[in-house]
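# Structural characterization, general
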Amino acid sequence: MRRISNRTIFLLILMGVLVLGVVFFTVRFFLHAGEWVTFPGSPHVYSGSNLSSGKVTDRSGVLLLDSTGDSRVYAEDEAVRRATLHLLGDRYGYISAPILEEYADALVGYSVVNGLYGADRTANTAVLSISAQVQKTALEALSGYHGTVGVYNYKTGEILCAVTSPSYDPDNMPDIEGDQTGAYDGVYLNRFFQTTTVPGSIFKLVTAAAALETLPDITSRTFTCNGTLDVEGDTLVCNGTHGAINLTQALANSCNVVFGQLAMELGPEVLEEYAQKLGITQSLSFDGLTTAAGSFDLTDAENFEIAWAGCGQYNDLINPCQYMTLMGVIANGGQAALPYLMDRVEGGLLTSYEHGKTTTKRVLERSTTDTIAQMMRNNVVNVYGAWQFPDLEVCAKSGTAEVGEGGTSNATFAGFIRDEAYPLAFIVIVEHGGAGSSAAAPIAGKVLNACVEVLSQEKN
Ligand SMILES: [Zn+2]
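Residues numbered from 1 in each chain as written. Predicted model: local features only at pLDDT ≥ 70, side-chain atom pairs only at ≥ 80, totals over all residues. Heavy atoms only, no water.

## Overview of the pattern of salt bridges
Under the criterion given, the structure shown has 15 salt bridges. Among the charged side chains, a salt-bridge network with shared partners connects Arg81, Arg91, Asp169 and Asp171. (Salt bridge = Lys/Arg side-chain N within 4 Å of Asp/Glu carboxyl O.)

## Things to note about the coordination of the zinc ion
For the zinc ion, the full set of protein donor atoms is Cys225 (SG), Cys238 (SG), His242 (ND1) and Cys255 (SG), at a range of 2.1 to 2.3 Å. Every donor counted, the four donor atoms about the zinc ion form angles of 105 to 117° at the centre, which fits tetrahedral coordination. Sequence spacing of the donor residues for the zinc ion, all on one chain, is C-x12-C-x3-H-x12-C. With Cys238 in the loop between strand S11 (234-237) and strand S12 (243-245) and Cys255 in the loop between helix H8 (247-252) and helix H9 (256-277), this residue pair connects regions lying 17 residues apart in the sequence. The class for Cys255 is buried, based on a relative accessible area of 0%. (Donors = N, O, S within 2.8 Å, 3.2 Å for Na, K, Ca; no water. Tetrahedral: all angles 85-135°; square planar, octahedral: opposite > 155°, others 65-115°. Helix = DSSP H or I, 4+ residues; strand = E, 2+ residues; numbered from the N terminus. Buried < 20%, exposed > 50% of the residue type's maximum accessible area, 1.4 Å probe, protein only.)

## Brief notes about the packing of aromatic side chains
Going through the model one piece at a time under the given rule, you end up with ten aromatic pairs. Between the aromatic rings of Tyr92 and Tyr94, the centroid separation amounts to 6.3 Å while the plane-to-plane angle is 55°, which identifies the pairing as tilted. Overall, the relative accessible area of 53% leaves Tyr92 in the exposed class. Plain terms: the ring middles of Phe192 and Phe193 are 4.9 Å apart, the flat faces sit at 70° to each other, and that makes the pair edge-to-face. Assigned by exposure class, Phe192 and Phe193 land together as buried. (Phe/Tyr/Trp six-rings, centres within 6.5 Å; stacked < 30°, edge-to-face > 60°.)

## Overview of a negative patch on the surface
A cluster of acidic residues, Asp230, Glu232, Asp234, Asp297, Asp300 and Glu302, forms a negative patch at the surface. Considering the arrangement of structural elements, one finds Asp234 in strand S11. (Patch = residues over 30% accessible without salt bridge, like charges linked within 9 Å, V, L, I, M, F, W, Y side chains within 5 Å. Areas by Shrake-Rupley, 256 points an atom, 1.4 Å probe, with all protein chains shown as cover. Lys, Arg positive; Asp, Glu negative; His and termini not counted. Charge placed at Lys NZ, Arg CZ, Asp CG, Glu CD.)

Right, dumping it as structure tokens:
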């Protein structure tokens with residue numbers, strides 16, 4: 001009797017383990033089967049390093065990639081192939097396409113119920129939010145300079161432009177390894193998402209935001225710029241001698257003396273708090289992408305270094321995609337839509353993925369962003385020239401970021417259109433391009449015009 005009951009208990013335990021195992025596997029299967037089927041290298045859906053199923057189009061239906069056959073077919077237009085390569089990946093895996101990997105199960109038409117071959121494998125199409133026409137315009141506008149251009153709708157989150165240069169034609173790959181000219185430096189990187197860059201004076205917007213929210217009398221103050229600022233024996237040099245000016249004029253003239261003084265008055269804790277709050281030191285994650293995080297670190301910084309940090313130099317770094325989002329935050333009253341690239345994946349009658357909208361936290365008061373927007377509008381009207389953006393109410397800040405010793409500076413330009421019909425925020429980085437207002441602003445003008453054209457066609 002005793003032996004039998006021991007056996008029964010043993011059997012019951014075994015059965016329990018079996019049932020638990022089946023439940024565990026079933027749950028795991030429903031949660032992860034899509035990933036198992038589409039893991040990079042899976043022979044069912046990959047040929048070599050490439051996902052081999054589905055098509056990718058831009059927002060207007062322009063075919064960017066067809067991988068339903070044995071090999072990848074890229075866009076018909078060579079310029080579009082160059083301008084979209086870093087979003088789609090190349091044939092050899094040098095340039096990865098995290099966005100296509102992220103939606104691989106939707107793209108190959110995998111479902112837990114029907115499995116991989118239940119759906120029509122060739123029919124699924126991923127529709128990106130970018131415009132091929134805008135991408136092309138942006139790459140051409142960079143005219144051979146290395147850098148990046150990004151534009152997104154700060155109300156919906158859709159990215160219309162995410163261009164990185166240099167690029168190349170995947171159908172006619174150049175001899176990159178053998179190149180000695182530097183023309184392909186960092187060509188495998190998507191500069192918009194994966195890199196950080198010295199912001200230069202576009203960072204003065206962060207310093208201005210911190211000043212507006214923590215120094216009560218800031219808008220009624222008058223500052224004096226004599227061309228230089230002495231800080232404990234070191235000299236901070238301004239780009240001019242601006243005399244008696246207020247905060248708006250200081251931003252318009254990009255006065256280093258005023259912003260250096262403000263940075264020291266705010267102090268390292270407040271500046272670091274705002275750099276973190278405004279996302280400078282954070283990365284963004286969406287559509288399988290995680291952006292590089294910028295940095296703003298004043299640990300052990302001397303006053304002179306704090307002053308330069310407030311002007312976007314010292315060891316400040318921003319990620320272009322993240323900073324573009326911050327421009328959206330300023331445009332949209334303190335919080336904005338987070339960017340996205342994958343609009344939807346559709347196949348036959350079904351839409352297997354559709355983007356949702358997510359927004360940033362509220363990071364600035366509306367009164368602060370209203371004031372900054374007004375100051376940025378003043379920059380365009382009184383310094384950069386509203387003629388550069390005919391018919392568009394562009395608000396912006398330029399920067400000229402010193403990089404290394406003696407080289408030509410990087411040109412930076414960031415801002416937004418203040419218009420309910422075209423709520424677009426943007427950033428332009430031109431490596432070794434020189435001054436932001438002269439090198440990067442005209443690129444922004446061309447790309448914004450292209451965006452407005454695409455959006456107005458969609459409205460008709
Ligand atoms: Zn000055």
